[in-house]
Amino acid sequence: MAEAKLFELNNGTMKVNVSNYGCTITSLLVPDKDGKLADVVLGFDTLEPYLKGAAPYFGCVVGRVANRIKDGKFKLNGIEHSLPINKPPNSLHGGHKGYDKVLWEVAEYKQGKNPSITFKYHSRDGEEGYPGDVHITATYTLVSKTTMRLDMEAVPENKPTPISLAQHTYWNLAGHNSGNVLDHTIQIWARHITPVDQNAIPTGEIMPVEGTSYDFTTENKIGSRIHEVGIGYDHNYVLDCGDKKTGLKHAAKLKDPASLRTLNLWTSAPGMQFYTANYVNGIVGKGGAVYGKQSGVCLETQGFPNAINQSNFPSIVVQTGEKYKHSMMFEFSAE
């Protein structure tokens, strides 16, 4: 039986630990303006708490469909599919045992100047209620001194199925144990969001952010207007105005003003969930650090939430023989 393990990617400047359990990033160390390393992701020192379900999706890859599906139901080619209601009244991040809670196989592990690791997983027909077998790979690569890339691919074998994977790391660029992220600044290359109802399901509207508390088209402090949006940000941004680099579009720029550590995120996905860890409350993490509300920020690039039930959203259905592809580039600097 395969077991959960940790693997290190280290290029001499940045150092990342990932596990084959849920393709989970458990630590990621990058330098600040003075070259001082800090671990900028929330998580645990050992794999045990992840295996016991103590993590609110810290660092993992979620699927088969990231985010919420309304009432855990969808119709595809006239067949109704029912999914586990693991976040009532909806299905969230693939169900009770999504891809974050399974062991992936290590297909390839390379050291050297551009270290990488490829995980693969065979998702079975009917798993968590989803139709068809799907073969999935996820590759983390340190492509330059302070840049990591994630390439995810999925191929349905025998039935069309919705697929939308997301990387759910909680970032705190001041260091995972440094308190809340309300002083971080963020810019999001999105002129619209998909507003939600009281159950966090998109209404179907594509709403302009201009003149609202959701507008981060120019750099702004995360905490500057957060009190105006209920318990915090947990919204899908429509990535519609970013410039491109290596075929990926600019999604967000996150910056910690104290250390000047900066993360520029690039993606091929149409949307990004901007989530300010509103439900994290007193989780004891690495080195005994206590993670409270808003102690991290998730930048989950994705298909739109509940897209399978919203005909005006970009389709997340992948046909047999087609290939789902989703790439993300995490570009760190101190500026």
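The rules behind these values
By convention here, each chain's residues receive numbers from 1 onward along its written sequence. For a predicted model such as this one, the threshold for reporting local features is a pLDDT of at least 70, and the threshold for listing and counting side-chain atom pairs is 80 or more; totals across whole chains, interfaces and linings nevertheless cover every residue. Side-chain measures here rest on the full set of heavy atoms in the structure, leaving out hydrogens and waters. Being paired, for any two strands, means DSSP has found at least two bridges between them. Strands are runs of DSSP state E lasting at least 2 residues, helices are runs of H or I lasting at least 4, and numbering of each runs from the N terminus. What counts as a salt bridge is simple: a side-chain nitrogen of Lys or Arg found within 4 Å of a carboxyl oxygen of Asp or Glu. Whether a residue is buried, partly exposed or exposed follows from its accessible area with a 1.4 Å probe, protein chains only, as a fraction of its type maximum: under 20%, in between, or over 50%, in that order. Identification of polar contacts relies on pairs of N or O atoms within 3.5 Å, with a donor-acceptor requirement for protein atoms, meaning one able to donate a hydrogen and the other able to accept it, and with residues adjacent in sequence counted only if both atoms are side-chain atoms. By nonpolar core we mean a set of buried residues, namely Ala, Val, Leu, Ile, Met, Phe, Trp, Tyr and Cys, connected to one another through side-chain atoms within 4.5 Å. Any two residues whose heavy atoms approach within 4.5 Å at even a single point are treated as in contact. UniProt positions are given in the numbering used here, feature names are shortened, and annotations may be inferred rather than shown by experiment. Here a Phe, Tyr or Trp ring, Trp counted by its six-membered ring, pairs with any other such ring whose centre lies within 6.5 Å, and the pair is stacked when the planes are under 30 degrees apart, edge-to-face when over 60, and tilted otherwise. Positive charges come from Lys and Arg alone, negative charges from Asp and Glu alone, with His and the N- and C-terminal ends not counted.

### Notes on the pairing of strand E12 (residues 134-144)
And then number 1: Taken together, the 8 bridges between strand E11 (residues 116-123) and E12 define a ladder with antiparallel strand orientation. Of the residues in E12, the one forming a bridge with Ser 116 is Thr 141.
And then number 2: In this sheet, strand E13 (residues 147-156) lies alongside E12 in antiparallel orientation, the contact comprising 10 bridges. Looking at the pairing, Thr 137 lines up with Glu 153 of E13.

### Brief notes about the sheet that holds strand E19 (residues 207-208)
And then number 1: In spatial order, the strands read E16-E28-E25-E21-E18-E19; together these 6 strands make up an open sheet with antiparallel pairing. Of all the strands in the sheet, just strand E16 (170-171) and E19 have a single pairing partner and so form its edges.
And then number 2: In this structure, strand E18 (residues 192-193) lies alongside strand E21 (residues 234-238), joined through 2 bridges in antiparallel fashion. Note on E21: the bridge partner recorded for His 192 is Val 238.

### Here's the deal with the pattern of salt bridges
And then number 1: By the definition in use, this model includes 11 salt bridges.
And then number 2: Notably, a salt bridge pairs Glu 153 with Lys 323, separated by 3.2 Å at the nearest N-O pair. In this pair, Glu 153 sits in strand E13 while Lys 323 sits in the loop between strand E29 (317-318) and strand E30 (324-334), placing the two residues 170 residues apart along the sequence.
And then number 3: Owing to a relative accessible area of 27%, Glu 153 belongs among the partly exposed residues under this scheme.
And then number 4: On the basis of relative accessibility, which here comes to 46%, the residue Lys 323 falls in the partly exposed class.
And then number 5: The salt bridge partner of Glu 335 is Lys 253, with a shortest N-O separation of 3.1 Å. Residue Glu 335 is located in the segment after E30, and its partner Lys 253 is located in strand E23 (residues 248-255); the two are separated by 82 residues in the primary sequence.
And then number 6: The exposure class of Lys 253 is buried, given its relative accessible area of 15%.

### Things to note about the environment of Tyr 121
And then number 1: Along the polypeptide, Tyr 121 turns up in strand E11.
And then number 2: Of the residues examined, Tyr 121 reaches a relative accessible area of 14% and is grouped as buried.
And then number 3: Between the C-alpha atom of Tyr 121 and that of Thr 137, which follows or precedes it by 16 residues, the distance is 6.5 Å.
And then number 4: At 2.8 Å, the side chain of Tyr 121 forms a polar contact with the side chain of Glu 127.

### Description of the nonpolar core
And then number 1: Counting 60 residues, the largest nonpolar core has Leu 28, Tyr 140, Trp 171, Phe 274 and Leu 299 as the members making the most contacts within it.
And then number 2: A per-element tally of this core places E12 first, with 5 residues.
And then number 3: Excluding residues that lie within four positions of it along the chain, Leu 28 makes contacts with Met 14, Lys 15, Val 16, Ala 38, Asp 39, Val 40, Val 41, Met 148, Trp 171 and Phe 332.

### Notes on the UniProt feature "binding site: beta-D-galactose" (unreviewed entry) in the protein
And then number 1: In the numbering used here, UniProt assigns the "binding site: beta-D-galactose" (unreviewed entry) feature to Asn 67, Arg 68, His 168, Thr 169, Tyr 170 and Asp 234.
And then number 2: Assignment of secondary structure puts Asn 67 in the loop between strand E5 (61-62) and strand E6 (68-69).
And then number 3: Discounting chain neighbours no more than four positions away, the residues touching Asn 67 are Ser 91, Leu 92, His 93, Gln 273, Gln 302 and Pro 305.
And then number 4: Mapped onto the secondary structure, Thr 169 falls in the loop between strand E15 (166-167) and E16.
And then number 5: Here Thr 169 is in contact with Ile 25, Val 41, Gly 59, Val 297, Cys 298 and Leu 299, once residues within four sequence places are set aside.
And then number 6: Within the local environment of Thr 169, its side chain forms a polar contact with the side chain of Gln 167, the two groups lying 2.8 Å apart.

### Description of the packing of aromatic side chains
And then number 1: Tallied over the full model, the rule gives 21 aromatic pairs.
And then number 2: Measuring from centroid to centroid gives 6.3 Å for Phe 7 and Phe 119, while their planes differ by 65°, and the two rings are edge-to-face. Placement of Phe 7 in strand E1 (residues 6-10) and of Phe 119 in strand E11 is noted, with a sequence separation of 112 residues between them. Each member of the pair, Phe 7 as well as Phe 119, is classed as buried.

### So, the side chain of Lys 255
And then number 1: Structurally, the position occupied by Lys 255 is in strand E23.
And then number 2: Notably, Lys 255 is buried but unbridged: the nearest opposite-charge side chain belongs to Glu 335, and the N-O separation is 5.0 Å.
And then number 3: Within polar-contact distance, the side chain of Lys 255 engages the backbone oxygen of Glu 335 at 3.1 Å.
And then number 4: In this structure, Lys 255 is in contact with Leu 173, His 184, Thr 185, Glu 219, Leu 260, Arg 261, Thr 262 and Glu 335, ignoring residues within four places of it in sequence.

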